[in-house]
Amino acid sequence: MRVKEPSKALPEKAKRNKRPAIPRDEDSSDDIPVGFTCQHISHAISVNHVKKAIAENVWSVCSECLKERRFCDGQPVLPSDVWLCLKCGFQGCGRNSENHHSLRHYKSRRTESHCITISLSTWVIWCYECDEKLSTHCNKKVLAQTVDFLQKHVSKTQTSAFSRILKLCEEKCETGEKKGRKGSSVTAVKGISNLGNTCFFNAVMQNLAQSYILMELMNENKENGTKLKIFPPSDSQLDPLIVELSSPGPLTSALFLFLHSMKETEKGPLSPKVLFNQLCQKAPRFKSFQQQDSQELLHYLLDAVRTEETKRIQASILKAFNNPTTKTADEDTRKKVKVLTSQNA
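So, how was this worked out
Residues numbered from 1 in each chain as written. Predicted model: local features only at pLDDT ≥ 70, side-chain atom pairs only at ≥ 80, totals over all residues. Heavy atoms only, no water. pLDDT = per-residue confidence, 0-100. Contact = heavy atoms within 4.5 Å. Core = buried A, V, L, I, M, F, W, Y, C linked by side-chain atoms within 4.5 Å. Buried < 20%, exposed > 50% of the residue type's maximum accessible area, 1.4 Å probe, protein only. Helix = DSSP H or I, 4+ residues; strand = E, 2+ residues; numbered from the N terminus. Patch = residues over 30% accessible without salt bridge, like charges linked within 9 Å, V, L, I, M, F, W, Y side chains within 5 Å. Areas by Shrake-Rupley, 256 points an atom, 1.4 Å probe, with all protein chains shown as cover. Salt bridge = Lys/Arg side-chain N within 4 Å of Asp/Glu carboxyl O. Phe/Tyr/Trp six-rings, centres within 6.5 Å; stacked < 30°, edge-to-face > 60°.

Concerning the confidence of the model for the protein chain
Confidence in the prediction of the protein chain, expressed as mean pLDDT, is 75, and 72% of residues score 70 or more. Low pLDDT, under 50, characterises residues 3–33; the stretch is placed with 10 contacts to residues that sit more than four places away or in other chains. Under a pLDDT of 50 for its full length, residues 161–166 has, in the predicted model, 15 contacts with residues more than four places off or in other chains.

Structure (structure tokens):
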């Protein structure tokens, strides 16, 4: 019988005990998350304060700029670079803005530190004390939990707003029809605030707002739970399929909300910030807020909306076949999904 030599086993055991506990991805045995570990997270984050603040304030708008009511050429100046304090939920413009309200908020004298902020457009997390970008993988769980809550809040806000606008629009359409018969109703045209040099974007949106066919098509894209009957090609030998759609994508929801807001009777210009930020997520080339070609913007906008709707329909078809993703479906099901999706792309 072979006996293990202690001289070989003990050094390995001792070496293993000295290794620091490094969090690893469950899907990889070799990849180690790389990032900066911040010592301020324990006392610079408060989920409860953040939840309370975002429930009471306008989302993704600098609180101080809103109070100052600054105007330029008759348009309200609201910076697009907004950061949220993870200690109290204060929303302030970033370092690239004129007033640096987020940085000023951090520098204000307080008993507790308000040094950790997050960008509401890019989700970059920054610690002013460390002057470093933070990662959710290399810091305490409370950071990841707070970021996850904020991202889910954006999604829920858009979905609920989409539902409310649908109901309001249906009521207003009925009222408008009655007024239209009497010839006393005229559709008002609202102004759109500039977000830097975004006249090219505003021009496109003014035209889309007057495209009644587009409005009718978007009205058909109802909220979560809408039934859609898909008719396959005659040569496919497939039967028609009724699917239940999920909620529209974030860009589609923002476009729907904006176009219907253009029809509202309230006075004053309309801010396109939410819609423009969603478009920049799909096409980062527009993030510079500089002049761009209107035709290119229209192409990117409609193409991104079409992509969201195609994915939405594909997901609904997969669900009808009891498959959550194309990866889990068999070859025959994938072929059927491809044919049915192409009919509604």
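Observations concerning the nonpolar core
Soluble globular proteins: nonpolar side chains tend toward being buried together. Met205 and Leu259 are the most contacted members of the largest nonpolar core, which has 29 residues in total. Elements with a contribution of two residues or more to this core: helix H7 (199–209), helix H8 (212–220), helix H9 (250–261), helix H10 (273–282) and helix H11 (294–320). Aside from chain neighbours lying at most four places away, what touches methionine 205 is Ile192, Leu255, Phe258, Leu259, Leu275 and Leu301. Counting 23 residues, the second-largest nonpolar core is a separate cluster that includes Leu84, Leu103, Leu150 and Val154.

Let's talk about a nonpolar patch on the surface
Together, Tyr212, Ile213 and Leu217 make up a nonpolar patch on the protein surface, roughly 350 Å² of accessible area in all. Within the secondary structure, leucine 217 is located in helix H8. For leucine 217, a relative accessible area of 46% puts it in the partly exposed group.

Remarks on the environment of alanine 329
Inspection of the secondary structure assignment puts alanine 329 in the loop between H11 and helix H12 (331–343). Remark: the alpha-carbon pair of alanine 329 and leucine 318, spanning 11 residues in sequence, is separated by 8.2 Å. Leave out the neighbours within four places in its chain, and alanine 329 touches Asn323 and Arg334.

Side note on the packing of aromatic side chains
Inspection of every chain in the model, using the stated rule, returns four aromatic pairs. Their ring planes at 80° and their centres at 5.0 Å tell us that phenylalanine 201 and phenylalanine 276 sit as a pair that is edge-to-face. In this pair, phenylalanine 201 sits in helix H7 while phenylalanine 276 sits in helix H10, placing the two residues 75 residues apart along the sequence. Geometrically, the ring pair formed by phenylalanine 286 and tyrosine 300 is edge-to-face, given 5.6 Å between the ring centres and 85° between the ring planes.

Things to note about the pattern of salt bridges
According to the stated counting rule, one finds eight salt bridges in the structure shown. Across the pair glutamate 309 and arginine 312 runs a salt bridge, and its minimum N-O distance is 3.3 Å. Taken together, the positions of glutamate 309 and arginine 312, both in helix H11 and three residues apart, correspond to about one turn of that helix. Relative accessible area serves as the criterion here: at 14%, glutamate 309 is assigned to the buried category. For arginine 312, a relative accessible area of 4% corresponds to the buried category.

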